[in-house]
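Structural overview
The primary structure of each chain is shown beneath.
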Amino acid sequence: MLATAVLAALAVSCGTTPEPDRPASGANAPDGAGATPSPDDAYAPSTGEKVRDAFATLQATLNDSCVKDCDYFLGRVNKELQELDRAMKDDPKGPGHFPEPIQKMTELNNTLGGDASFENLKKHQKQLIATRDFINTWMQDHPDDYR
């Protein structure tokens with residue numbers, strides 16, 4: 001009897017837990033979470049990652065390309081951009097401290113429309129890589145933000 005109750009409780013809790021990549025939604029979600037998320041919010045939940053750490057992992061993609069595994073490469077660039085975007089928005093200095101990178105990410109996310117599939121990333125590969133390169137250059141001009 002006790003085992004049945006425990007299994008039932010686990011089944012209910014597992015069935016209502018949002019996926020890690022997606023914001024919570026539905027009737028039991030916190031206020032505002034049931035609304036359709038903006039493309040910016042659809043990718044990377046707040047991780048508490050510092051800007052310098054997120055920037056370092058983005059920089060690690062600079063010497064990679066689609067030559068070996070394009071699906072992995074584009075997905076990784078997108079993931080690293082999304083995490084840096086979230087870190088900038090969550091930074092104690094405030095999102096206003098990073099206006100140009102956040103604007104570029106908003107433009108990219110509007111283009112991607114919440115679709116991080118390989119097909120969509122490949123279709124928008126030029127903008128994805130241009131956004132990465134722009135943010136890398138911008139951050140290089142703002143060393144106090146990543147050292």
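In the block above lies the structure referred to throughout.
Residues numbered from 1 in each chain as written. Predicted model: local features only at pLDDT ≥ 70, side-chain atom pairs only at ≥ 80, totals over all residues. Heavy atoms only, no water.

**Thoughts on the overall build of the protein chain**
The following threshold applies: Strands here mean DSSP runs of E at least two residues long; helices mean DSSP runs of H or I at least four residues long; both are numbered from the N terminus. Only the protein chains shown count as cover for residues, with accessible areas throughout obtained via the Shrake-Rupley method and a probe of 1.4 Å.
Within the protein chain, the secondary structure is distributed over six helices and zero strands. For the protein chain, the accessible area works out to roughly 9000 Å², and carbon and sulfur atoms hold 55% of it.

**Examining the state of the cysteines**
Basically, it comes down to this: In what follows, a disulfide is any cysteine sulfur pair within 2.5 Å.
Scanning all chains against the criterion turns up one disulfide. Disulfide pairing is shown between Cys66 and Cys70; the S-S distance is 1.9 Å. What sets the handedness of the Cys66 and Cys70 disulfide is the S-S torsion sign, and at about 50° it is right-handed. Of this pair, Cys66 and Cys70 both sit in helix α3 (residues 66-90), four residues apart, which is roughly one turn of the helix.

**Notes on the nonpolar core**
What counts here: We define a nonpolar core as any set of buried Ala, Val, Leu, Ile, Met, Phe, Trp, Tyr and Cys residues linked to one another through side-chain atoms lying within 4.5 Å. Burial here depends on accessible area, computed with a 1.4 Å probe over protein chains only, as a share of the maximum for the residue type. Under 20% is buried, over 50% is exposed, and the range in between is partly exposed.
Grouped together as the largest cluster of nonpolar side chains are 23 residues, with contacts concentrated most on Leu81, Leu84, Met88 and Ile135. Elements that contribute at least two residues to this core include exactly α2 (51-59), α3, α4 (99-112) and α6 (125-140). In terms of residue count, α3 provides more of this core than any other element does, eight residues in total.

**As for the pattern of salt bridges**
Definition in use: Any carboxyl oxygen of Asp or Glu within 4 Å of a side-chain nitrogen of Lys or Arg constitutes a salt bridge here.
Summed over all chains, the structure comprises eight salt bridges. In this structure, Asp64 and Arg76 form a salt bridge, with 3.4 Å as the shortest nitrogen-oxygen distance. Of this pair, Asp64 sits in the loop between α2 and α3 while Arg76 is found in helix α3, placing the two residues twelve residues apart along the sequence. When the shortest N-O distance is used, the salt bridge between Lys89 and Asp85 registers 3.2 Å. Of this pair, Lys89 and Asp85 both sit in helix α3, separated by four residues, roughly a single helical turn.

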